Amino acid sequence: MRAVLCREWGDPSVLAVEEVKGKAPAAGWVRISVRAAGINFADNLMVSGRYQFKTPFPFSPGFEASGVVAEVGEGVGSTAVGDRVMVALPHGGFAEEVLAPATSVFRIPEVMDFRSAAAFPVAYGTVHLALVHRARLQKGQILLVHGAGGNVGRASVEVGKRLGATVLATAGSARSLEVARGRGADHLLRYDSEDVRDRVLELTGGDGADVVFDPVGGDVFDASLRCVAWEGTVLVIGFAAGRIPQAPAWRLLLKSCAVIGVDWGGYLRREPETVRSATEEALRWYSEGFLDPTPEHVFPLEEAAEALEAQAARKLRGKAVLVNE
Ligand SMILES: NC(=O)c1ccc[n+]([C@@H]2O[C@H](COP(=O)([O-])OP(=O)(O)OC[C@H]3O[C@@H](n4cnc5c(N)ncnc54)[C@H](OP(=O)(O)O)[C@@H]3O)[C@@H](O)[C@H]2O)c1
C-alpha cells in the first residue's frame, strides 16, 4: 500500500509518497482501507517537529480518516469487514490503509460521504469536548468563536447554534467570515481590522461573551480576557497565530472567570470513552441535520505536501481532506 511518509523534520516538502508493507490488525484492532483523510493544523506541527509529541521516523501524518473495514483482529465485535467507518488516530491517516483500535472507530451515517466523514472526528470531537464537556454551554448564552472560518472554528459555530447559543464569529478575512456565516453565525467580526473587545461588548450590551472558543491565541486571546462575561469561560484550543499567550491572574479574579484548556489528543489517549461519547452525540446531531462537515478543499493523497503547504500559507479556509480515488 502507498503512504505519505515523513522521514525528517521540516516543511511539508519533506513528505513523500512511498510503497510500504501493510500489516494485519492485532487483537482488538481493525485494518481500514482509507478513502479520505482530514487535514488539520497540527499535521504541519507534527511534520516540522513542533507537535507536543515527536513520533519516531518514518511516520505518516493524519489524525483522522474514513474508509471501509478491510480486516478485524481477534475479539472485535463492534465492527465488521465491509463497514463504512471513520476513525480518530494519533497519526497515520495519510495512507491507503490504517490500523486502529476498534474503540476509535465510528460507523458512518448512511447519508454521509467519505469526504465529510474524514472531516468529522477531530473538529466535532474537540468542539463537543470543549463546549459541552468542559464549558457546559447553555441555551441563550453568548458564544464567541475565534478563527471561525477554520476547521475547528466552523464546527464550533455549528455546535454553538445546535446548543442554542448566540454565536459571535471572528476571522481575519472576508472569505473566512463567509464560512462562518454559512455555518449559522449570528454576528461577524474581523480581528485583523476591528477592536474585538469593543465590538463584543457593544454586541452584548456590555456584558461580554459567556464562553469563548479560542483556537487562535496571541492578541485574540488577550482581547478575549477583556470581553469575557462575569463568571465566563475562555477555552484554550490552540495557537494558530503563533504566540502562546499568558493569562494574568488578576483578570481572572476580577471577572470570576475560568480559562480552561482542551486537548482532544490527550482525551483520546487518557479517556477514549469520553471522546467516543462526544463523537457519538455529534454524529446524532449530524443525522438530525444540524452539522455540515462537507470539506471546502479536496486534494489527492499524492498532493499531501501541497495541501499542507497551502494550509501553512493560510490559503485554505474551512476544512481540507486528502482522497484515495
Ligand atoms: N486542543 C485541541 O484538541 C485541538 C484540536 C484541533 C485543533 N487544535 C488547534 O486549533 C488551531 C486551529 O486548528 P485548525 O485545524 O482549525 O486550523 P485551521 O483550519 O488552519 O484554522 C486556523 C484558523 O486560525 C486563523 N489564524 C489566525 N492567525 C493565523 C495565523 N497566523 N496562521 C494561520 N491561521 C491563523 C485562520 O483564520 P483567518 O485566516 O481567517 O485569520 C484559520 O481559519 C491550531 O492551533 C490547532 O493546533 C486544537
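For the structure, see preceding data.
Because the structure is predicted, anything quoted here is derived from the model rather than measured.

### Quick notes on the overall build of the chain
Item 1. A count of helical and extended segments in the chain gives 11 helices and 15 strands.
Item 2. Computed over its C-alpha atoms, the radius of gyration of the chain comes to 19 Å, within 12% of the 20 Å expected for a compact globule of 325 residues.
Item 3. Across its three principal axes, the chain shows a C-alpha extent of roughly 60 × 40 × 35 Å.
Item 4. Within the chain, residue pairs in contact and separated by at least 24 positions form 68% of the contacts whose partners lie at least 6 positions apart.
Item 5. Total accessible area on the chain stands at roughly 13900 Å², and carbon and sulfur atoms take up 50% of it.

### Re the nonpolar core
Item 1. By size, the foremost hydrophobic cluster in this structure holds 83 residues, and its most contacted members are Phe94, Phe120, Leu131, Leu143, Phe213 and Leu235.
Item 2. In terms of residue count, helix α3 (residues 121–134) provides more of this core than any other element does, 7 residues in total.
Item 3. Looking at which domains feed residues into this core, each of domain 1 (2–120 + 293–323) and domain 2 (123–265) gives three or more.
Item 4. Among all residues touching Leu143, those that are not within four sequence positions of it are Leu131, Leu137, Ser156, Gly160, Ala165, Thr166, Val167, Leu168, Val211 and Phe213.
Item 5. One finds Leu144, Val196, Val200 and Val234 within the second-largest nonpolar core, a separate group that totals 16 residues.

### Re the layout of surface pockets
Item 1. What the second largest pocket holds in volume is close to 770 Å³.
Item 2. Lining the second largest pocket are 36 residues; nearest its centre among them are Ser60, His91, Gly92, Val98 and Leu99.
Item 3. Per-element accounting of the lining of the second largest pocket gives the leading share, 5 residues, to strand β6 (residues 97–101).
Item 4. In the lining of the second largest pocket, the residues fall into 22 nonpolar, 8 polar and 6 charged.

### A few points about the pairing of strand β15 (residues 320–323)
Item 1. Residue alternation in β15 divides its side chains into two sets, Ala320 and Leu322 and Val321 and Val323, and both sets are buried.
Item 2. Bridge count for strand β14 (residues 297–300) against β15 is 4 bridges, and the pairing is parallel. Counterpart to Val298 in the pairing with β15 is Val321.
Item 3. On the question of chirality, the crossover connecting β14 to the parallel β15 by way of helix α11 (residues 304–312) is right-handed.

### Comments concerning the packing of aromatic side chains
Item 1. Summed over all chains, the structure comprises 6 aromatic pairs.
Item 2. With a centroid separation of 4.5 Å and 55 degrees between ring planes, the pair formed by Trp9 and Phe57 is classed as tilted. Of this pair, Trp9 sits in the loop between β1 (2–5) and β2 (16–19) while Phe57 sits in the loop between α1 (41–48) and β4 (64–72), placing them 48 residues apart in sequence.
Item 3. Note on Trp9: relative accessible area 31%, which makes it partly exposed.
Item 4. Given a relative accessible area of 37%, Phe57 falls into the partly exposed group.
Item 5. Taking the centre distance of 5.5 Å and the plane angle of 55 degrees together, the rings of Tyr51 and Phe63 count as tilted. In this pair, Tyr51 is assigned in the loop between α1 and β4 and Phe63 in the loop between α1 and β4, connecting sequence segments 12 residues apart. Take Tyr51 and Phe63: they sit in the same class, and that class is buried.
Item 6. Three or more aromatic residues link up through ring pairs in this structure, and these residues are Trp9, Phe57 and Phe59.
Item 7. Directly above the aromatic system of Phe114 lies the positively charged group of Arg84, at a separation of 4.8 Å from the ring centroid.
Item 8. Across the ring face of Phe290, the terminal group of Arg162 is positioned such that the distance to the ring centre comes to 4.7 Å.

Definitions and limits used
- Residues numbered from 1 in each chain as written.
- Predicted model: local features only at pLDDT ≥ 70, side-chain atom pairs only at ≥ 80, totals over all residues.
- Heavy atoms only, no water.
- Helix = DSSP H or I, 4+ residues; strand = E, 2+ residues; numbered from the N terminus.
- Rg over C-alpha atoms; globule rule 2.2 N^0.38 Å.
- Contact = heavy atoms within 4.5 Å.
- Areas by Shrake-Rupley, 256 points an atom, 1.4 Å probe, with all protein chains shown as cover.
- Core = buried A, V, L, I, M, F, W, Y, C linked by side-chain atoms within 4.5 Å.
- Buried < 20%, exposed > 50% of the residue type's maximum accessible area, 1.4 Å probe, protein only.
- Domains from an automatic or database assignment.
- 1 Å grid on protein atoms, 1.4 Å probe; cavity = no way out; pocket = protein on both sides within 12 Å on 5 of 7 lines; lining within 4 Å.
- Points joined across faces, edges and corners; volume = space filled by probe spheres on them.
- Nonpolar A, V, L, I, M, F, W, Y, C, P; charged D, E, K, R; others polar.
- Pairing = 2+ DSSP bridges.
- Right-handed = clockwise from strand over helix to strand, strands pointing away.
- Phe/Tyr/Trp six-rings, centres within 6.5 Å; stacked < 30°, edge-to-face > 60°.
- Lys NZ or Arg CZ within 6 Å of the ring centre and 35° of its normal.

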